[in-house]
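Geometric and topological summary
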Amino acid sequence: RKLALSLLSFDEVREGIRKYHPDLKTEETEAIAHLGEGSLGRALEIAERGGLELYHDLVSLLDTLPRLDFAALQEFAGTAAEDDQSFDLSTSLLRGWHARMLKGAATGAFPPGLLEGEAALMRRLAGAASLDRWFEVWDKNDRLFRRADSANLDHRQVLLNAFLAFETAARP
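The paragraphs below set out a description of the structure included in this document. No experiment lies behind these values; they were computed from the predicted model shown. Within any chain, residue numbers begin from 1 and follow the written order of that chain's sequence. In view of the model being predicted, local features appear only for residues whose pLDDT reaches at least 70, and side-chain atom pairs are presented and counted only at 80 or more, with totals across whole chains, interfaces and linings using the full set of residues. The side-chain figures draw on all heavy atoms in the structure; neither hydrogens nor water molecules are used.

Bringing unusual backbone geometry into the picture now. Note that the residue after Leu65, namely Pro66, is joined by a cis bond; omega there is 20°. A run of H or I in DSSP counts as a helix once it spans at least four residues, and a run of E counts as a strand once it spans at least two, with each numbered from the N terminus. Counting through the fold element by element, Pro66 comes out in the loop between helix 4 (51-62) and helix 5 (70-80). For Glu37, which is not glycine, the phi dihedral falls at a positive 50°. Of note, Glu37 is situated in the loop between helix 2 (26-36) and helix 3 (40-48). Note on Glu37: relative accessible area 39%, which makes it partly exposed. Unlike most non-glycine residues, Asn152 shows phi in positive territory, near 55°. Among the structural elements, Asn152 can be located in the loop between helix 8 (131-150) and helix 9 (155-170). A simple rule labels every residue: compare its accessible area, found with a 1.4 Å probe on the protein chains alone, to the largest value its type can have, and call it buried under 20%, exposed over 50%, or partly exposed in between.

It is worth spelling out the packing of aromatic side chains at this point. Each aromatic ring pair is specified by the distance between its two centres and by the angle formed by the two planes. The criterion for an aromatic pair is that two Phe, Tyr or Trp rings (for Trp, the six-membered ring) have centres within 6.5 Å, with stacked assigned to planes under 30 degrees apart, edge-to-face to planes over 60 apart and tilted to the rest. Summed over all chains, the structure comprises 4 aromatic pairs. Their ring planes at 75° and their centres at 5.6 Å tell us that Phe76 and Phe163 sit as a pair that is edge-to-face. Of the two residues, Phe76 sits in helix 5 while Phe163 sits in helix 9, which places them 87 residues apart along the sequence. There is no split in this pair, since Phe76 and Phe163 are both buried.

Okay, the environment of Ala33 next. Looking at the secondary structure, you find Ala33 in helix 2. As a C-alpha pair, Ala33 and Arg14 span 19 residues in sequence and 5.3 Å in three-dimensional space. In this description, contact between two residues means that some pair of their heavy atoms is separated by no more than 4.5 Å. With residues up to four places along the chain from it excluded, the contact list for Ala33 reads Phe10, Val13, Arg14 and Ile17.

As a further point, take the pattern of salt bridges. The rule for a salt bridge is simple: a side-chain nitrogen of Lys or Arg has to be within 4 Å of a carboxyl oxygen of Asp or Glu. Per the counting criterion, the structure on display carries 11 salt bridges. Across the salt bridge formed by Glu30 and Arg14, the nearest N and O atoms sit 3.6 Å from each other. Placement of Glu30 in helix 2 and of Arg14 in helix 1 (residues 10-20) is noted, with a sequence separation of 16 residues between them. Judged by its relative accessible area of 16%, Arg14 is buried. Between Asp83 and Arg49 there is a salt bridge, with its nearest N and O atoms 2.9 Å apart. Here Asp83 is found in the loop between helix 5 and helix 6 (84-107), whereas its partner Arg49 is found in the loop between helix 3 and helix 4, with 34 residues between them in sequence.

Read these as spatial facts, not as claims about activity.
Dropping the structure here:
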């Protein structure tokens, strides 16, 4: 049997974060609530595992496209692949970012972004390749992430490949 639960509202997630992490600044709490996407458990994991800093690093890397800063990518992949939880959080944050970019590209209504310049980055990348091409990157990375554990793939290499797929799509 399956118990289907609806997503929590932004306010409910924000209040849950405040309850368990009263030390966070208001803007951090709100950013984490957005990244939690209606799940208090996911938001708390982001708060507890340094997910906000990880997200900042991820967006900063994407901002170097169409030519990735490979030294920064190596450092990010090394940190994000330190353990299974960090890898899962990193891939989840990248998927979420990519999904918001795809939705914006498809509808023309990009989300405001959690970081300064993030919405402009989404617009810039969406304009660098066709929507079909960005969906191909989604499919490729989705398969790669799903296979990572079942085939015991090197998590660092998986992340490198995922970002290189973005770079290939973003190049003119």
